[in-house]
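Report on the structure
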Amino acid sequence: TAYEIRNCDWSSDVCSSDLNEISIDAKGRISTPARYRENFTNSNTSKLIITRDPQYPCLKIYPEASWQNLSITLQKMQSLDPVIRKLQWTILGHASALDLDPSGRMLLLIPADLRTYAGINVSEKVAFIGMGDKFEMWNLDSWQARQDAAQLSTEILEDRKSTCLNSSHSSV
């Protein structure tokens with residue numbers, strides 16, 4: 001579609017692809033999971049950019065290089081289109097830079113407005129998902145509900161597939 005983000009050269013894979021359940025402390029901070037710290041250090045990542053996901057009640061966290069590519073692409077899009085403008089407001093307008101201290105636990109202070117948007121409460125666990133070139137952070141209950149819904153969608157597709165196969169065999 002006209003709203004696709006194209007030509008993003010996201011060459012770093014510092015975020016790998018996996019799920020982590022981590023705690024957010026009373027001050028609204030998370031400690032970056034240890035498995036990512038070395039990747040950040042090796043890729044000279046000193047900042048992460050956190051923003052709203054435009055589609056789901058979660059947060060997107062980008063290493064600085066990935067963010068730069070995404071940001072440039074979004075800024076080049078036609079902002080007179082109301083759908084694109086809303087996308088720009090959501091992603092660019094809510095972005096916040098987080099400094100990484102590679103020598104420590106890499107604590108990240110998640111801004112209160114972004115925590116509220118994603119339903120993330122202090123002193124609770126969150127789902128921290130590596131997505132290759134970025135992370136997603138979810139309220140753990142919302143993440144589990146989303147996964148249950150995805151499982152249901154898969155079951156419906158399987159049911160439809162078997163129904164189609166059965167009806168095609170019966171017409172032969």
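All of the points below concern the structure found in this document. (Residues numbered from 1 in each chain as written. Predicted model: local features only at pLDDT ≥ 70, side-chain atom pairs only at ≥ 80, totals over all residues. Heavy atoms only, no water.)

What follows covers the overall build of the protein chain. In terms of regular secondary structure, the protein chain is built from five helices and eight strands. The linear arrangement of helices and strands in the protein chain, starting from the amino end, is β-β-α-β-β-α-α-β-β-α-β-β-α. By the burial criterion, 35% of the 172 residues in the protein chain qualify as buried. Total accessible area on the protein chain stands at roughly 10,000 Å², and carbon and sulfur atoms take up 50% of it. (Helix = DSSP H or I, 4+ residues; strand = E, 2+ residues; numbered from the N terminus. Buried < 20%, exposed > 50% of the residue type's maximum accessible area, 1.4 Å probe, protein only. Areas by Shrake-Rupley, 256 points an atom, 1.4 Å probe, with all protein chains shown as cover.)

Quick look at the pattern of salt bridges now. Taken as a whole and assessed by the stated rule, the structure comprises five salt bridges. Taking the shortest distance from any N to any O, the salt bridge between Lys60 and Glu136 comes out at 2.6 Å. Of this pair, Lys60 sits in strand E4 (residues 59–63) while Glu136 sits in strand E8 (residues 135–139), placing them 76 residues apart in sequence. In this structure, Lys60 and Glu136 share a single accessibility class: buried. (Salt bridge = Lys/Arg side-chain N within 4 Å of Asp/Glu carboxyl O.)

Bringing the sheet that holds E4 into the picture now. Here we have six strands laid out as an open sheet, ordered E1-E7-E8-E4-E3-E5, and antiparallel in their pairing. If you trace the sheet from one side to the other, it starts and ends with strand E1 (19–23) and strand E5 (96–99), each paired once. The average angle at which neighbouring strand axes cross in this sheet is 30°, direction not considered. In terms of strand pairing, strand E3 (residues 47–52) meets E5 through four bridges, oriented antiparallel. (Pairing = 2+ DSSP bridges. Axes fitted to C-alpha atoms, helices over the stretch in contact; angles between N-to-C directions.)

Buried within helix H3 (residues 82–91) are the following residues: Ile84, Leu87, Gln88, Thr90 and Ile91. For H3, the arc enclosing every buried residue in end-on projection is 165°, short of the 170-degree limit, so these residues lie on one face. When the buried face of H3 is taken as reference, the exposed residues oriented beyond 90 degrees from it are Pro82, Lys86 and Trp89. Of the residues that open H3, the one with a side-chain oxygen 2.8 Å from the backbone nitrogen of Val83 is Asp81. (Arc of directions from axis to C-beta. Polar contact = N/O pair within 3.5 Å; in protein donor to acceptor, adjacent residues only side chain to side chain.)

Our next topic: the packing of aromatic side chains. Describing an aromatic ring pair means giving the distance of the ring centres and the angle of the ring planes. Under the criterion given, the structure shown has six aromatic pairs. Aromatic pair Tyr36 and Phe128: ring centres 6.1 Å apart, planes at 55°, arrangement tilted. Of this pair, Tyr36 sits in helix H1 (residues 34–42) while Phe128 sits in strand E7 (residues 125–130), and the two are 92 residues apart along the sequence. A residue is classified by how much of its surface remains accessible, and Phe128, at 0% relative accessible area, is buried. Ring centres of Tyr36 and Phe135 lie 4.6 Å apart, and the angle between their planes is 70°; on these two criteria the pair is classed as edge-to-face. Within this pair, whereas Tyr36 is found in helix H1, its partner Phe135 is found in strand E8, the two being separated by 99 residues in sequence. (Phe/Tyr/Trp six-rings, centres within 6.5 Å; stacked < 30°, edge-to-face > 60°.)

Look at any regular strand and the pattern is simple: side chains alternate between the two faces of the sheet. Across the five residues that make up E8, a large majority, five, are buried. Sheet topology note: the E4/E8 ladder contains three bridges and is antiparallel. Within E8, the position partnered with Ile61 by the bridge is Phe135.

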